[in-house]
Amino acid sequence: MECDTMTAPLLLTPDEASVILGRDLSQLHEDRKRNVGPDFHDLGGGLIRYRRESVLRDAERRADETSRAVV
């Protein structure tokens, strides 16, 4: 599944967020339980949506951390 970050909707499904972040759904689930990672909304009935802006910010932060660790 490929997701274009420029045309992604304002609210992303966990699948869409996992593609952008390069993380497994189980990792996103654990982050939600620990209240870390990108902002999300629990819409009830098992519907979770992530704010696109927050997902992109989190992806950028992780990339910065990775590049600093490599140097």
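Residues numbered from 1 in each chain as written. Predicted model: local features only at pLDDT ≥ 70, side-chain atom pairs only at ≥ 80, totals over all residues. Heavy atoms only, no water.

**Q** Hey, could you run me through the overall build of the protein in this one?
**A** The secondary structure content of the protein amounts to three helices and three strands. When the helices and strands of the protein are listed from N to C terminus, the series reads β-α-α-β-β-α. Taken across its 71 residues, the protein has 27% of its residues classed as buried. Summarising the internal contacts of the protein: among those between residues at least 6 apart in sequence, 44% fall at separations of at least 24. When the accessible surface of the protein is split by element, carbon and sulfur atoms take 51% of a total near 4900 Å². (Helix = DSSP H or I, 4+ residues; strand = E, 2+ residues; numbered from the N terminus. Buried < 20%, exposed > 50% of the residue type's maximum accessible area, 1.4 Å probe, protein only. Contact = heavy atoms within 4.5 Å. Areas by Shrake-Rupley, 256 points an atom, 1.4 Å probe, with all protein chains shown as cover.)

**Q** Would you take a moment to explain the pairing of strand S3 (residues 47-51) for this structure?
**A** Residues in a regular strand point their side chains to alternate faces of the sheet. Side chains Ile48 and Tyr50 of S3 all project onto a buried face; the interleaved residues Leu47, Arg49 and Arg51 project onto a face where none is buried. For strand S2 (residues 40-44) and S3, the ladder comprises four bridges, and the chain directions are antiparallel. Residue Phe40 lies in a different strand from S3, and its bridge partner there is Tyr50. Taking the residues between adjacent antiparallel strands as the criterion, S2 and S3 are bridged by two residues, where Gly45 takes a positive phi near 65°. (Pairing = 2+ DSSP bridges.)

**Q** So what exactly am I meant to see when it comes to the side chain of Arg32 here?
**A** Locating Arg32 in the fold gives a position in helix H2 (residues 25-34). One buried charged residue, Arg32, remains without a salt bridge, the closest side chain of opposite sign being Asp42 at 7.1 Å. Within the structure, the side chain of Arg32 is placed 3.1 Å from the side chain of His29, a separation counted as a polar contact. Beyond its immediate stretch of four places on either side in the chain, Arg32 contacts Phe40, Ile48 and Tyr50. (Lys, Arg positive; Asp, Glu negative; His and termini not counted. Salt bridge = Lys/Arg side-chain N within 4 Å of Asp/Glu carboxyl O. Polar contact = N/O pair within 3.5 Å; in protein donor to acceptor, adjacent residues only side chain to side chain.)

**Q** How should I be thinking about the nonpolar core in this particular structure?
**A** Nonpolar side chains tend toward joint burial in soluble globular proteins. Ranked by size, the top nonpolar core spans eight residues in total: Leu12, Ala17, Ile20, Leu21, Leu28, Ile48, Tyr50 and Val55. For this core, the elements supplying multiple residues, two or more each, are helix H1 (14-21) and S3. The biggest single contributor to this core is H1, with three residues. Dropping the residues within four chain positions of it, Leu21 is found in contact with Leu28, Pro38, Val55, Asp58 and Ala59. (Core = buried A, V, L, I, M, F, W, Y, C linked by side-chain atoms within 4.5 Å.)

**Q** Hey, could you run me through the packing of aromatic side chains in this one?
**A** Here a ring pair, both rings aromatic, is described through the centre-centre distance and the interplanar angle of the planes. Inspection of every chain in the model, using the stated rule, returns one aromatic pair. Ring plane angle 55° and centroid distance 6.2 Å describe the contact between Phe40 and Tyr50, whose orientation is recorded as tilted. Taken together, the residues Phe40 in strand S2 and Tyr50 in strand S3 connect sequence positions 10 residues apart. (Phe/Tyr/Trp six-rings, centres within 6.5 Å; stacked < 30°, edge-to-face > 60°.)

**Q** Before we go on, may I ask you to explain unusual backbone geometry in this structure?
**A** Working note: non-glycine residues mostly have negative phi, and peptide bonds are mostly trans. With a phi angle near 60°, Asn35 is a residue other than glycine that sits in the positive phi range. Checked against the element boundaries, Asn35 lands in the loop between H2 and S2. Residue class for Asn35 comes out exposed when judged on its relative accessible area of 66%.

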